[in-house]
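Descriptive structure summary
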Amino acid sequence: MRIVRLRALIDHPRTGDGERAAAQRMLDRILTTTRIPQGSGDRTYGTRHHRAGRHASVSRIAEMIREDIALTRVAFTTSTQSGQPAMSDPIADAPAEIIYTVSAPHDSEIVIALDNVPQEWGWVPEYGIATVGPALRALVDELADLMNRYNRDGADIGKRFFGRVRVGGETLVW
């Protein structure tokens, strides 16, 4: 169903260029999730590494990640019809009041920050201490996975950038 929605969005004549490009990246992500990341020697490239281009700046990659998050929030909202299996996406299923900020504060770092996360949705009390709940953990892991699809790594090449996912003032994924 997501593939059909994305293809319809890509093919629609009134879809803007930025939205079309983000939809194409999302479609590529869905279609390549079963593929193994390509590598050369001991190098490993994320499935979206080629989308940004080898000379793209980290700020451009952050912008592409921001577009992917925005498109996921809009295109994959659950509208399950009766008799159809429910589709789940941690980004689309997250509360609408969460504010996502993607920034490149340094030349080699991308930070995805989440603000305004509802306490009852994101954390669970455990022995009197609020710990990260399963829904927030799934969202953070999905955001980290999305970010790392633009990355590369290897002994002779190094990472393209270092990524973090933060909630409030706390880094949950490094």
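This text goes with the structure placed above it.
Residues numbered from 1 in each chain as written. Predicted model: local features only at pLDDT ≥ 70, side-chain atom pairs only at ≥ 80, totals over all residues. Heavy atoms only, no water.

With respect to helix H1 (residues 2-11)
For H1, the set of buried residues is Arg 2, Leu 6 and Ile 10. The buried residues of H1 occupy an angular sector of 65 degrees when the element is viewed end-on, so they sit on one face. Exposed side of H1, more than 90 degrees from the buried face: Val 4 and Asp 11 are the residues found there. (Buried < 20%, exposed > 50% of the residue type's maximum accessible area, 1.4 Å probe, protein only. Helix = DSSP H or I, 4+ residues; strand = E, 2+ residues; numbered from the N terminus. Arc of directions from axis to C-beta.)

Here we look at the sheet that holds strand S4 (residues 109-115)
Pairing is mixed across the open sheet formed by four strands, whose spatial order is S3-S4-S8-S9. Both outer strands of the open sheet, strand S3 (99-106) and strand S9 (170-173), are each paired with one neighbouring strand and no more. Pairwise comparison of adjacent strand axes, ignoring direction, gives a mean angle of 30 degrees for this sheet. Where S4 lies against strand S8 (residues 162-167), six bridges are found, and the strand directions are parallel. Of the residues in S8, the one forming a bridge with Ile 110 is Gly 163. Contacts between helix H4 (residues 58-75) and the sheet are confined to S3 and S4, with S3 contributing the most and set at about 170 degrees to the helix. Against the sheet, helix H7 (residues 134-148) contacts S3, S4, S8 and S9, and its axis sits at roughly 155 degrees relative to S8. (Pairing = 2+ DSSP bridges. Axes fitted to C-alpha atoms, helices over the stretch in contact; angles between N-to-C directions. Contact = heavy atoms within 4.5 Å.)

Comments concerning the environment of Pro 105
Within the fold, Pro 105 resides in strand S3. For Pro 105, a relative accessible area of 45% translates into the label partly exposed. Linking Pro 105 and Ser 59, residues 46 residues apart in sequence, is a C-alpha distance of 8.6 Å.

Brief notes about H4
The end-to-end C-alpha separation of H4 is 25 Å, in line with the 26 Å expected for 18 residues at 1.5 Å each. Residues Val 58, Ile 61, Ala 62, Met 64, Ile 65, Asp 68, Ile 69, Leu 71, Thr 72 and Ala 75 constitute the buried set of H4. (Expected span 1.5 Å × (residues − 1).)

Description of the pattern of salt bridges
All told, the structure shown has seven salt bridges when counted by the stated rule. Across the salt bridge formed by Asp 68 and Arg 25, the nearest N and O atoms sit 3.1 Å from each other. Of this pair, Asp 68 sits in helix H4 while Arg 25 sits in helix H2 (residues 17-32), and the two are 43 residues apart along the sequence. Residue classification places Asp 68 among the buried residues on the basis of a relative accessible area of 0%. Salt bridges sharing common partners tie together Arg 25, Glu 67 and Asp 68. (Salt bridge = Lys/Arg side-chain N within 4 Å of Asp/Glu carboxyl O.)

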